[in-house]
Amino acid sequence: MVVPAVSASAAAELLEREEELVALEDAFAATRRGEGRLVFVSGDAGIGKSALLRAFCSRQEDAARILVGSCDSLRTPRPLGPFADIGARVDGSLGAAIAAGMATPKVFDALVQELRSAEKPTVVVLEDVHLADEATLDIVGLLGRRAVQLGVLVVATYRTDELPRAHPLRIVLGDLATIAGVLRIHLDPLSPAAVATLAAPQGLDAEDLHAKTAGNPFFVTEVLASGNVDVPATVRDAVLARTARLDDTARGLLDAVAVVPQLTELWLVEAIAGDVLGALDECLDSGVLRAEERGVAFRHELARLTVEESIDPHRRVLLHRAVLAALRRPASGRLDLARLAHHAEAAGDIAAVLELAPRAGEQAAAVGAHREAAAQYARALRYADGLSMVERAGLLERRAFECYLAGQGREGLPDLEEAIACYRAMGDRQKEGACLCLLASRRWCESEMTAAAAAIDEAIAVLEPLGGSPELARAYSAASSFAMNEEKVEAALAWGERALELIDEADTEALVYQLNTSGSAELLQARPEGRDRVERSIELAEAAGLEVDVGRGFLQLAWIAARTRDFEWAGRLAEGIEYCTQHGLELWRLYLLAYRARMELDRGRWEDAADSLSVILGPSTEQPLVRILALTVLATVRTRRGDPESAPLLEEALSLAAGVDDLQHRAPVAIARTEAAAYAGRSDLAAAASDDVLALALERGAVWVSGELAFWRWRAGIVEACPAGIAEPFAVHLSGDWRAAAARWQELGCPYEAALAHADADDPDRLQEALDQLGQLGAATAAATVTRRLRDRGVRGPRPSTRRNPAGLTSRQVEVLQLVADGLRNAEIAERLVLSQRTVEHHVAAILDKLGARTRAEASAEAVRLGLSDPS
Amino acid sequence: MPRYVVERSFPGGLAIPGGAEGARACLTVVERNTDEGVTWVHSYVSDDGQKTFCIYDAPSPEAIRKTASRNELPVDRITQVRVLDPYFYAQEIAVRAR
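The structure displayed is predicted, hence computed values, not measured ones.

## Some thoughts on the overall build of chain B
Then comes step 1: Secondary structure assignment for chain B yields 3 helices and 4 strands.
Then comes step 2: When the helices and strands of chain B are read in sequence order from the N terminus, they spell out β-α-β-β-α-β-α.
Then comes step 3: With 98 residues in all, chain B has 18% of them scored as buried.
Then comes step 4: Within chain B, counting contacts between residues at least 6 apart in sequence, those at least 24 apart form 66% of the total.

## What about the overall build of chain A?
Then comes step 1: Looking only at helices and strands, chain A has 48 helices and 8 strands in total.
Then comes step 2: Here chain A holds 872 residues, and 52% of them are scored as buried.
Then comes step 3: Looking at chain A alone, contacts between residues at least 24 apart form 60% of all its contacts between residues at least 6 apart.

## Examining the sheet that holds strand β4 (residues 77-81) of chain B
Residues and elements named next belong to chain B.
Then comes step 1: Ordered by their spatial adjacency, 4 strands build an open sheet running β2-β3-β1-β4, and the pairing between neighbours is antiparallel. A single partner strand is all that each edge strand has here, and the edge strands are β2 (39-45) and β4. Averaged over all neighbouring strand pairs, the angle between strand axes comes to 25 degrees, with direction disregarded.
Then comes step 2: Bridge analysis of strand β1 (residues 3-9) against β4 gives 5 bridges, and the strand direction is antiparallel. Residue pairing in the sheet places Val5 in a bridge with Thr79 of β4.

## Here's the deal with the sheet that holds strand β8 (residues 295-298) of chain A
Residues and elements named next belong to chain A.
Then comes step 1: Pairing is antiparallel in the open sheet, where 3 strands are placed in the order β6-β8-β7. At either margin of the open sheet sits one strand with a lone partner, and together these are β6 (264-265) and β7 (289-291).
Then comes step 2: Here 2 bridges tie β6 to β8, and the two strands are oriented antiparallel to one another. Bridge pairing links Glu265 to Gly295 in β8.

## Comments concerning the pairing of β1 of chain B
Then comes step 1: In the sheet, β1 of chain B pairs with strand β3 (residues 51-57) of chain B via 7 bridges, with the strands oriented antiparallel. In the strand pairing of β3 of chain B, Val6 of chain B is matched with Cys54 of chain B.

## Notes on the interface of chain A and chain B
Then comes step 1: Opposite the 6 residues of chain A that make contact, chain B presents 6 residues.
Then comes step 2: For the side of chain A that touches chain B, the per-class residue count stands at 2 nonpolar, 1 polar and 3 charged.

## Focus: helix α30 (residues 547-564) of chain A
Then comes step 1: Look at α30 of chain A: 26 Å from first C-alpha to last across 18 residues, which is about the 26 Å you get at 1.5 Å a residue.
Then comes step 2: Within α30 of chain A, 16 of the 18 residues are buried, which leaves it mostly tucked inside the rest of the structure.

## Some remarks on unusual backbone geometry
Residue and element names in this part refer to chain A.
Then comes step 1: A positive phi angle, near 55 degrees, is found at Leu80, a position not held by glycine.
Then comes step 2: Within the secondary structure layout, Leu80 lies in the loop between β2 (65-70) and α4 (81-89).
Then comes step 3: Of note in the backbone geometry, Gln262 takes a positive phi value of approximately 55 degrees without being a glycine.

## A few points about helix α13 (residues 235-243) of chain A
Residues and elements named next belong to chain A.
Then comes step 1: Taken together, the buried positions of α13 are occupied by Val235, Ala238, Val239, Arg242 and Thr243. Along the long axis of α13, the arc covered by the buried residues comes to 130 degrees, so they all point the same way.
Then comes step 2: In the core, the buried residues of α13 are packed alongside α12 (217-226), α14 (248-258) and α17 (301-310).

## Quick word on the nonpolar core
Residues and elements named next belong to chain A.
Then comes step 1: Ile456, Leu592 and Ala630 are the most contacted members of the largest nonpolar core, which has 251 residues in total.
Then comes step 2: Split by domain, this core shows at least three residues from each of two domains, domain 1 (17-189) and domain 2 (243-384).
Then comes step 3: In this structure Ile456 touches Cys437, Ala440, Ala475, Ala478, Ala479 and Phe482, once residues within four positions along its chain are discounted.
Then comes step 4: Grouped together as the second largest cluster of nonpolar side chains are 19 residues, Ala741, Tyr752, Ala755 and Leu767 included.

## A short note on the environment of Arg832 of chain A
Then comes step 1: Locating Arg832 of chain A in the fold gives a position in helix α46 (residues 826-833).
Then comes step 2: As a C-alpha pair, Arg832 of chain A and Leu819 of chain A span 13 residues in sequence and 9.1 Å in three-dimensional space.

## Topic: the environment of Trp606 of chain A
All names here are of chain A.
Then comes step 1: Along the chain, Trp606 falls in helix α33 (residues 606-616).
Then comes step 2: It is 9.5 Å that separates the C-alpha atoms of Trp606 and Arg638, two residues lying 32 residues apart in sequence.
Then comes step 3: For Trp606, the contacting residues outside a window of four places in its chain are Leu601, Val637, Leu777 and Gly778.

## Points about the pairing of strand β3 (residues 122-127) of chain A
Residue and element names in this part refer to chain A.
Then comes step 1: Among the 6 residues in β3, 6 count as buried, and that is most of the element.
Then comes step 2: Alternating residues of β3 divide into Thr122, Val124 and Leu126 and Val123, Val125 and Glu127, and every residue in both groups is buried.
Then comes step 3: Across 6 bridges, β2 lies against β3 in parallel orientation. Its bridge partner being in β3, Leu67 is matched across the sheet by Val124.

## A few points about the packing of helix α20 (residues 350-366) of chain A against helix α21 (residues 370-381) of chain A
All names here are of chain A.
Then comes step 1: Where α20 contacts α21, the axes come no closer than 8 Å and their chain directions differ by 165 degrees. Judged on the interaxial angle alone, α21 and α20 are roughly antiparallel. For the element pair α20 and α21, the recorded crossing hand is left-handed. Contact residues: α20 offers Val353, Leu354, Ala357, Pro358, Ala360, Gly361, Ala364 and Ala365, while α21 offers His370, Glu372, Ala373, Gln376, Tyr377, Arg379 and Ala380.
Then comes step 2: Its residues assigned to classes, the contact of α20 with α21 comprises 10 nonpolar, 3 polar and 2 charged.

## Examining the packing of helix α45 (residues 811-821) of chain A against helix α48 (residues 856-865) of chain A
All names here are of chain A.
Then comes step 1: At a closest axis distance of 9 Å, the pairing of α45 and α48 adopts a crossing angle of 110 degrees. Between α45 and α48, the interaxial angle falls into the category roughly perpendicular. The handedness of the crossing between α45 and α48 is left-handed. Contacts between α45 and α48 pair Leu817, Gln818, Val820 and Ala821 from the former with Arg856, Ala859, Ser860, Ala863 and Val864 from the latter.

## Digging into the confidence of the model for chain B
All names here are of chain B.
Then comes step 1: Residue-level pLDDT values for chain B average 84, and 89% of them are 70 or greater.
Then comes step 2: When pLDDT is averaged over each helix and strand of chain B, the minimum, 63, is found for helix α3 (residues 86-97) and the maximum, 94, for β1.
Then comes step 3: Listed scores for the predicted complex are pTM 0.61 and ipTM 0.82.

## Thoughts on the environment of Phe53 of chain B
All names here are of chain B.
Then comes step 1: Along the chain, the position of Phe53 falls in strand β3.
Then comes step 2: Separated by 46 residues in the primary sequence, Phe53 and Glu7 have C-alpha atoms spaced 4.7 Å apart.
Then comes step 3: Setting aside anything within four residues of it in sequence, one finds Phe53 in contact with Val5, Glu7, Ser43 and Tyr44.

## Overview of the confidence of the model for chain A
Then comes step 1: Overall, the predicted model of chain A reaches an average pLDDT of 88, with 96% of residues at or above 70.
Then comes step 2: Here residues 1-7 of chain A is modelled with pLDDT under 50, and outside its nearest four sequence neighbours on either side it reaches 8 contacts, counting other chains as well.

What counts as what
Residues numbered from 1 in each chain as written. Chains lettered and ligands numbered in written order. Predicted model: local features only at pLDDT ≥ 70, side-chain atom pairs only at ≥ 80, totals over all residues. Helix = DSSP H or I, 4+ residues; strand = E, 2+ residues; numbered from the N terminus. Buried ≥ 20, exposed ≤ 12 C-beta atoms within 10 Å, placed from the backbone. Contact = placed C-beta atoms within 7 Å. Pairing = 2+ DSSP bridges. Axes fitted to C-alpha atoms, helices over the stretch in contact; angles between N-to-C directions. Nonpolar A, V, L, I, M, F, W, Y, C, P; charged D, E, K, R; others polar. Expected span 1.5 Å × (residues − 1). Arc of directions from axis to C-beta. Core = buried A, V, L, I, M, F, W, Y, C linked by C-beta atoms within 7 Å. Domains from an automatic or database assignment. Parallel < 35°, antiparallel > 145°, perpendicular 65-115°, else oblique. Left-handed = near helix turned anticlockwise from the far one by under 90°. pLDDT = per-residue confidence, 0-100.

Okay, structure coming up:
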């Protein structure tokens with residue numbers, strides 16, 4: 001019954017596609033050599049993506065094993081739909097893994113096993129990944145990252161006209177942009193010449209045809225097939241003109257197929273339209289429908305949508321009802337819940353929606369398709385008026401949770417508030433308190449700290465009178481975590497003790513969370529036992545399969561390592577990034593990349609830092625803190641290199657941190673802005689950028705933050721006493737002892753700061769050394785200052801010793817002056833201070849200059865007057 | 001895409017061989033640039049060949065630095081610029097005068 005495609009459409013679909021076919025064949029040739037590829041084929045609807053792949057696959061049919069999976073246009077797609085398609089076709093464990101609702105990494109393992117099992121090279125075709133569910137996209141990402149090693153050709157198509165800025169597929173595309181073995185092919189519309197070739201046999205006006213269709217091959221084909229002499233104005237008119245030429249039975253069949261997105265299985269066609277084989281042949285002959293391996297489909301999804309919209313609404317509902325009834329007794333015996341829920345809603349069958357949508361939600365959640373799960377619960381909630389309060393509250397809670405897991409936490413907040421109201425109305429205090437605690441955590445995630453604190457206070461007030469309970473333990477834990485994140489270390493540890501008293505050892509999740517929080521708080525106070533606690537939480541979480549908590553453990557360690565310049569930890573960071581990649585913890589991975597970039601900056605690896613940042617700063621990263629971390633590091637790289645466009649990055653970071661009061665958000669912005677102000681020599685801007693954050697850092701005992709701020713404020717020319725209790729290398733540096741500071745920075749592994757310390761020396765040899773170090777780092781901004789100082793010796797940038805000593809002398813110059821006053825000659829001074837005689841000459845010249853003295857004797861007298869030397 | 005002027009110094013003087021070899025050298029640079037989405041529009045070279053001012057279209061300063069290091073070209077300074085065309089204003093004045 002497979003009918004050859006109509007020649008006119010085949011011709012139009014493959015015109016001007018030779019280059020693209022060759023590109024696909026090259027990719028396949030690489031695969032046959034053992035080097036896999038992932039090729040994205042993109043273009044507008046109707047541009048001929050599927051046709052290109054059909055042509056490619058038919059050429060490789062003998063040489064390759066071809067596995068095809070499609071994402072479907074159900075309003076809420078089937079989780080892992082395309083891989084379920086593939087699993088149904090092969091014998092291995094893939095189908096079983098998906099049917100059993102295994103988590104994405106397991107499904108990926110089963111897929112890899114399947115792909116490696118064949119003797120022939122394998123080609124995997126994934127159609128319409130712009131419609132893919134979250135779990136499918138995770139797997140596409142994994143396939144891309146390992147494309148070369150897997151030795152398989154994966155071709156994924158997507159529609160560019162359905163890809164808004166924040167589309168999840170864009171994250172995957174951005175992530176894979178720089179990965180070897182990942183290619184892109186974009187399909188352009190037909191040229192006027194190609195359209196003219198097609199129009200000629202029917203005598204159509206080629207120019208008109210090209211203008212109206214914009215060279216879209218599908219549209220062109222529909223016009224040609226409609227047999228009209230005039231070109232219809234829209235693609236819809238063209239499709240309907242074509243179907244109008246079919247007889248009534250065939251049109252009835254077409255309607256039935258049109259209400260089923262994508263493919264309609266033959267058993268389903270029979271179940272809803274009866275014995276219509278004759279009509280089916282007519283539809284296939286006319287080219288409106290296409291025969292597939294497992295059923296029939298419209299030649300193009302655009303045509304299906306057009307026909308579906310043209311069905312009279314009442315008849316459409318009846319058809320959906322028939323499909324729903326048929327899908328409840330599927331030929332395979334396995335219920336497809338996402339499809340059932342879709343048709344239940346379209347059929348207006350409320351009871352069926354309430355039965356099927358929550359089950360579809362559970363199924364989606366189980367495989368990690370959280371966006372789809374949330375959409376299924378929302379579908380049920382649209383019809384939940386008749387449900388009891390308990391049922392309603394349960395659905396609300398589940399939807400809020402799935403929104404959170406899908407990274408759309410804000411959308412779930414009203415649901416949680418409604419659930420809390422339900423429990424309060426029912427008088428269920430325990431559940432009300434538990435939900436309040438959840439709400440607090442979610443608000444925290446959305447950077448609504450004040451509202452979060454209010455909710456957690458309320459939760460504790462509701463739960464405490466009910467006695468010790470796991471819910472109360474969780475509320476204490478949340479309060480502890482909030483305090484830790486605000487770096488109120490004492491409060492964090494106190495709440496943590498209360499929580500640990502209540503947490504049952506068997507409740508691994510609660511224990512892991514609190515160990516992480518308390519350990520992090522201790523590390524913030526530089527108490528080393530904190531590390532053991534966090535490491536233990538990671539260990540326990542890993543053993544219990546609590547992936548998010550493992551990610552959180554790595555996240556905290558990375559934060560504190562970056563904060564305290566603990567670079568020994570870098571190896572563990574790579575492990576954390578790999579873990580998050582493997583387990584689809586996208587946000588956690590971005591955090592780790594951002595902290596890695598910060599550490600790369602501090603270790604003088606600026607190019608690596610910029611590379612890490614390009615991944616994070618894709619258009620889809622919305623999380624404010626991740627963006628702040630990335631923006632500030634990139635701005636600092638640009639400022640230090642003397643490159644343009646750092647100001648707009650800092651402005652964005654500043655606006656993202658507005659209204660947030662913790663150091664995690666505010667410190668990176670304040671530090672980067674103060675540093676920029678320092679290079680510009682603007683003490684006023686440095687003060688405006690850092691006054692309040694410095695005060696906050698000192699109050700919280702965040703010694704590295706206060707140290708770095710004090711350091712850049714000093715370099716910006718702010719005259720103030722060095723604050724007590726800042727991190728030691730900064731304190732040494734600010735004391736003016738550049739030698740000790742340089743040694744300390746070198747030991748820590750911070751070459752930029754070490755070079756800046758050398759640049760504080762007066763000795764030209766040292767300055768030259770500093771200049772070399774800055775040159776190696778690419779630090780053009782600081783290098784320019786040193787070059788200037790070398791050029792006109794004696795004129796120097798502000799340094800604390802300069803300011804603290806009379807007459808603007810540096811501490812080294814004071815030393816030299818004292819020896820001059822003691823009557824020593826330059827050679828003797830050089831020997832005493834372990835300097836070259838030339839350096840001493842420079843110092844003496846500068847001293848005379850600064851003191852306005854003409855001779856050494858005048859300078860000695862001035863030294864006595866300034867109290868630097870005793871009268872002899 | 002932003003446009004940049006990239007200043008480079010060649011203390012020994014810049015020497016691009018004539019003929020096919022020079023063309024090949026330039027094309028290699030152009031090809032490596034495309035990896036980062038960087039387009040080399042054209043350059044001005046000082047008479048002594050020691051300094052060049054290169055006009056680039058690029059997504060970011062980092063992309064320019066990356067391709068520069070791949071092409072083993074020095075970078076002194078990157079400045080973002082916009083076109084100012086005196087004749088554009090001249091035309092406008094002419095229109096107003098009419």
